[in-house]
Amino acid sequence: QVQLVESGGGLVQAGGSLRLSCAASGSIFSITTMGWYRQAPGKQRELVATITRGGSTNYADFVKGRFTISRDNAKNTLYLQMNSLKPEDTAVYYCNADLFRIQITGNLEVWGQGTLVTVSS
């Protein structure tokens, strides 16, 4: 069994910073692409940023220059450094990973349970 556990969410004032973490555990052989998504109340889940195993990144336009995605492959951990936060960044942030399990053929897409980020004005 594989699971992703996010941490680091909370309440912050506009202009502040938060760092989210996502730790993957279980029978993992390797993780390819990892990403952060978010879902605000009443809205659909949307992509925030992704990162490949080799470190290539992709960002949504609304976070470019403010958020930085990174990962530690040795620890199977994903990070999201969020700076200059805005009230519109308020959402539940979800971690996503595409991975291969030990002794099991085929890839698996896994989601975390989400962590709430609230930005006050």
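These figures come from a predicted structure and were not determined experimentally.

Caption draft 1: How the structure looks around the sheet that holds strand β3 (residues 18-26). Spatial strand order, β1-β3-β8-β7: four strands in an open sheet with antiparallel pairing. Each edge of the open sheet is held by one strand with a lone partner, namely β1 (2-7) and β7 (67-72). Between one strand axis and the next, the sheet turns by 15° as a mean value, whatever way the strands run. Sheet analysis places β1 next to β3, joined by six bridges and oriented antiparallel. Each bridged residue has a counterpart across the sheet, and for L4 the counterpart in β3 is A24.

Caption draft 2: Molecular detail of the environment of L47. Mapped onto the elements, L47 comes out in strand β5 (residues 46-51). Owing to a relative accessible area of 29%, L47 belongs among the partly exposed residues under this scheme. With 23 residues separating them in the primary sequence, L47 and A24 have C-alpha atoms 19 Å apart. In this structure, L47 is in contact with W36, Y37, N58, A60 and F62, ignoring residues within four places of it in sequence.

Caption draft 3: Summary view of unusual backbone geometry. The residue N76 is not glycine, and still its phi comes out positive at about 50°. Tracing the chain through its elements places N76 in the loop between β7 and β8 (77-82). With phi around 60°, Q103 is a residue other than glycine that occupies positive phi space. Relative to the helices and strands, Q103 is located in the loop between β9 (91-101) and β10 (107-111).

Caption draft 4: Representation of the environment of S25 in the model. The residue S25 is located in strand β3 in this model. When neighbours within four sequence positions are excluded, S25 is seen to be in contact with Q1, V2 and Q3.

Caption draft 5: Structural view of the state of the cysteines. Per the counting criterion, the structure on display carries one disulfide. A sulfur-sulfur separation of 2.0 Å characterises the disulfide bridge that pairs C22 with C95. On the sign convention where negative is left-handed, the bridge of C22 and C95, at about -75° about the S-S bond, is left-handed. Residue C22 is found in strand β3, and its partner C95 is found in strand β9; the two are separated by 73 residues along the sequence.

Parameters at a glance
- Residues numbered from 1 in each chain as written.
- Predicted model: local features only at pLDDT ≥ 70, side-chain atom pairs only at ≥ 80, totals over all residues.
- Heavy atoms only, no water.
- Pairing = 2+ DSSP bridges.
- Helix = DSSP H or I, 4+ residues; strand = E, 2+ residues; numbered from the N terminus.
- Axes fitted to C-alpha atoms, helices over the stretch in contact; angles between N-to-C directions.
- Buried < 20%, exposed > 50% of the residue type's maximum accessible area, 1.4 Å probe, protein only.
- Contact = heavy atoms within 4.5 Å.
- Disulfide = S-S within 2.5 Å.

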